[in-house]
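Listed below are the residues making up each chain.
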Amino acid sequence: MAGVSSESLTTALEQLEAKLPLASLQLARELFGILGTVDSSAGLRRALTDPSRSGEEKSALVKQLFGGKVSADAAEIMSGLAGSRWAAARDIGDALETLAATVVIAVAENKSAVSASGITGLEGLENELFAFKQAVASSHDVQAALAEPQASAAAKVALAGKLVPGASEEAKLLIGQAVSQPRGIKAVKLVDSFAALAAKRQQRWIATVSVTRPLTETQASRLQAGLDALYGRELKVNVSVDPALIGGIRVQVGDEVLDASVVARLSDLRRQLAG
């Protein structure tokens, strides 16, 4: 996904973030259900991504199709996608799949964040998805069964469940979605993409800190407390020494970078002088 579709997905993910603290697996199931409807009709995909139709028209179509059948949150998310611009008709389905998977991943994150760092639940989910991939890779019979076009979706979900019997509800939902609705690719490849989303979300809980000299225990404690207060969650802090910074500190949490190093200030000064 690139260009305008990528921009629309980024916007949708940003809007979804506000719903994630209270998100439930039911919301994810509803979004996956809407995805099934969208995937089943090329005409519907064209109607939802037609650039000649206004966002209001497409949102009205979403309300007509799904109003009263799904929660207000699910309908709102789908209306937002319909009102956005897409480079290709399939892209809206890809985006909806990403949003639904993100909801599942956030549920796993929130469950562990109640009593510990949210990274615990994310690591656990990623490990369960990896265990499924390993189980499939170890058996040609399983691979053939999951790829069998005559087998029902229910049968494939039941088989997948036997491969990871102790998996969490979040992992079962993502794996079940992958084997029952792989959307033209191998189920394990789709599980791979779900695992990548979980791994990316883990970065929200990891602070990568660069300093010019080793920190004392007191400095490290103050840094931990300050970052936890700043981000409102207990981060895993990884500190490395980088003399090239000359002075100051550089912190990265996910995609956000806080750079108070001398190098960064000199670079800013150079840009100002050049301008």
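Residues numbered from 1 in each chain as written. Predicted model: local features only at pLDDT ≥ 70, side-chain atom pairs only at ≥ 80, totals over all residues. Heavy atoms only, no water.

1. A look at the sheet that holds strand β1 (residues 206-211)
Line of reasoning, step 1. Read across the open sheet, the 4 strands follow the order β2-β1-β3-β4; overall the sheet is mixed. Lying at the two open borders of the sheet, with one neighbouring strand each, are β2 (236-241) and β4 (256-259). The sheet shows a mean angle of 15 degrees between the axes of neighbouring strands, taken without regard to direction.
Line of reasoning, step 2. As paired strands, strand β3 (residues 249-253) and β4 are joined by 4 bridges and run antiparallel to one another. Directly across from arginine 250, in β4, lies its bridge partner aspartate 259.
Line of reasoning, step 3. Where helix α12 (residues 217-231) meets the sheet, its contacts fall on β1, β2, β3 and β4, and the angle it forms with β2 comes to roughly 130 degrees. (Pairing = 2+ DSSP bridges. Helix = DSSP H or I, 4+ residues; strand = E, 2+ residues; numbered from the N terminus. Axes fitted to C-alpha atoms, helices over the stretch in contact; angles between N-to-C directions. Contact = heavy atoms within 4.5 Å.)

2. Thoughts on the packing of aromatic side chains
How two aromatic rings sit relative to each other is set out by the distance from centre to centre and by the angle between their planes.
Line of reasoning, step 1. Considering all chains together, one arrives at 0 aromatic pairs under this definition.
Line of reasoning, step 2. Taking NZ or CZ as reference, arginine 233 lies 5.6 Å from the ring centre of tryptophan 205, over its face. (Phe/Tyr/Trp six-rings, centres within 6.5 Å; stacked < 30°, edge-to-face > 60°. Lys NZ or Arg CZ within 6 Å of the ring centre and 35° of its normal.)

3. Considering the pairing of β1
Line of reasoning, step 1. With respect to burial, β1 is a largely interior element, 5 of its 6 residues being buried.
Line of reasoning, step 2. For β1 and β2, the ladder comprises 6 bridges, and the chain directions are parallel. Residue valine 209 lies in a different strand from β2, and its bridge partner there is valine 239.
Line of reasoning, step 3. Handedness of the β1-α12-β2 crossover: right-handed. (Buried < 20%, exposed > 50% of the residue type's maximum accessible area, 1.4 Å probe, protein only. Right-handed = clockwise from strand over helix to strand, strands pointing away.)

4. Comments concerning the environment of alanine 178
Line of reasoning, step 1. Inspection of the secondary structure assignment puts alanine 178 in helix α10 (residues 169-180).
Line of reasoning, step 2. Judged by its relative accessible area of 0%, alanine 178 falls in the buried class.
Line of reasoning, step 3. For the pair alanine 178 and lysine 133, spaced 45 residues apart in sequence, the C-alpha to C-alpha distance is 11 Å.
Line of reasoning, step 4. Not counting chain neighbours up to four residues away, the residues in contact with alanine 178 comprise Ala187, Leu190, Val191 and Phe194.

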